[in-house]
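Chain residues, written in single-letter form:
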Amino acid sequence: MRTRAGGFTLVEVLVALLVMSVMAGLAWRGIDGLARAREATEANLETTQRLNTVMAQLEADLQAVYDTQGVVPAVSCDGATLRLTRTAEDGVQLVAWQLRSPLWMRWASPAVVRAGELQEQWMRSQQLMGNEPNQLRLLEGVTGMQIYVFRGNAWTNCQSSAGTTTTPTGAIGALPNPTGTQPDPPPAGVRIVLSLTRPREGTLTRSIALNAQ
């Protein structure tokens, strides 16, 4: 009587190889999925941290708003730009937060001490092209921006809340008012609503109280 030699048949080996290849493929897909999820999580975390940093800068700008008594508006906006005057170490700066979808950018003028210089920077802020040397590209994925101001015990659209602006000359500070008109004081607060696609699609609303000087 002949006995069967030990070992595996060719069919058994092929079946084992097939099972192993299927298991290896499933394992690779799982590892690849985990790696992609980790990359997405890290990217979202980085974007969230950057967003928090940018909003902190916006809050710092608004809390340092300086009332120039009608030289230029302390806070104003159009459909794509928020402009404000703020105190700086060597004088007053004109700061413009501008949306060039999908980029949110910040431009700041040199510090000035005379009304005429500030008015020049104001005019310059209305001609920004987005490639100025001191134009910072702060955040990507911003597709919309709405700005409201708190004035008269109510939130109103910034574009419909423009005050009267006079144009005195001289040093910024206790300036004369040659027209006799009284400019509106800075608003008590600013609310900004951003439409975002990163880190996830949605809107971000931030209300900031002003402490105008």
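Everything numeric here is computed off the predicted structure, so don't read it as measured data.

(A) Fine view of the sheet that holds strand 4 (residues 103–108). One open sheet holds the five strands; their spatial order is 1-2-3-4-5, and the pairing between them is antiparallel. At either end of the open sheet lies a strand with only one pairing partner, and these are strand 1 (75–77) and strand 5 (135–140). Direction aside, the axes of adjacent strands within the sheet are offset by 20° on average. With five bridges joining them, strand 4 and strand 5 adopt antiparallel strand pairing. Bridge pairing in strand 5 places Arg106 opposite Leu136. In the packing of helix 2 (residues 115–125) onto the sheet, contacts are made with strand 1, strand 2 (81–88), strand 3 (91–100) and strand 4, and the angle to strand 3 comes to roughly 5°.

(B) Layout of the pairing of strand 4. The buried fraction of strand 4 amounts to six of the six residues, a majority that puts the element mostly inside the structure. Burial along strand 4 is two-sided: Leu103, Met105 and Trp107 and Trp104, Arg106 and Ala108, pointing in opposite directions, are all buried. Alignment of strand 3 against strand 4, held across six bridges, turns out to be antiparallel. Note that in strand 4 the partner of Trp97 across the bridge is Arg106. Between the antiparallel neighbours strand 3 and strand 4 lie two residues.

(C) Broad picture of the packing of aromatic side chains. If you walk through the whole model with that rule in mind, you get two aromatic pairs. Pairing Trp97 with Trp104 gives two aromatic rings, centres 5.0 Å apart and planes at 50°, and the pair type is tilted. You'll find Trp97 and Trp104 in the same group, each marked buried. Taken together, a centroid distance of 5.2 Å and an interplanar angle of 65° make the contact between Phe150 and Trp155 edge-to-face.

(D) Layout of a nonpolar patch on the surface. Taken together, Leu10, Val13, Leu14, Leu17 and Met20 make up a surface patch of nonpolar side chains, about 510 Å² in accessible area. Relative to the assigned elements, Leu10 resides in helix 1 (residues 10–63). Taking the relative accessible area as the measure of exposure, Leu10 reaches 63% and is therefore exposed.

(E) Just the pattern of salt bridges, in detail. All chains considered together, the criterion is met by three salt bridges. With its nearest N and O atoms 2.8 Å apart, the salt bridge here joins Arg106 to Asp61. Here Asp61 lies in helix 1 and Arg106 lies in strand 4, a separation of 45 residues in the sequence. The class for Asp61 is buried, based on a relative accessible area of 0%. Note that Asp78 is salt-bridged to Arg83, the shortest N-O span being 3.2 Å. Residues joined in a network through salt bridges with shared partners are Asp61, Arg86 and Arg106.

Cut-offs applied
- Position numbers for residues count from 1 along each chain, tracking the sequence in the order it is written.
- Under the rules for a predicted model, residues below a pLDDT of 70 receive no local features and side-chain atom pairs below 80 are neither given nor counted, while totals for whole chains, interfaces and linings still include all residues.
- Remark: hydrogens and water are excluded; side-chain values derive from all non-hydrogen atoms of the structure.
- For two strands to pair, DSSP has to find at least two bridges joining them.
- Helical segments are the DSSP runs of H or I of at least four residues, strand segments are the runs of E of at least two, and each set is numbered from the N terminus.
- Note on definitions: angles span 0 to 180 degrees between N-to-C directions of axes, and those axes are lines fitted to C-alpha atoms, for helices only across the stretch in contact.
- The contact criterion used is simple: two residues touch if any of their non-hydrogen atoms lie within 4.5 Å.
- Buried, partly exposed and exposed residues are distinguished by accessible area as a fraction of the type maximum, computed with a 1.4 Å probe on protein chains only: under 20%, between the cut-offs, and over 50%, respectively.
- Centres within 6.5 Å make a pair out of two Phe, Tyr or Trp rings, where for Trp the six-membered ring is used; the pair is then stacked when the planes are under 30 degrees apart, edge-to-face when over 60, and tilted otherwise.
- A patch consists of residues whose relative accessible area exceeds 30% and which take part in no salt bridge; residues with like charges are grouped when within 9 Å of each other, and nonpolar side chains (Val, Leu, Ile, Met, Phe, Trp, Tyr) when within 5 Å.
- Note on areas: these come from Shrake-Rupley sampling with a 1.4 Å probe, and a residue is covered only by the protein chains present in the view.
- Each reported salt bridge corresponds to a side-chain nitrogen of Lys or Arg within 4 Å of a carboxyl oxygen of Asp or Glu.

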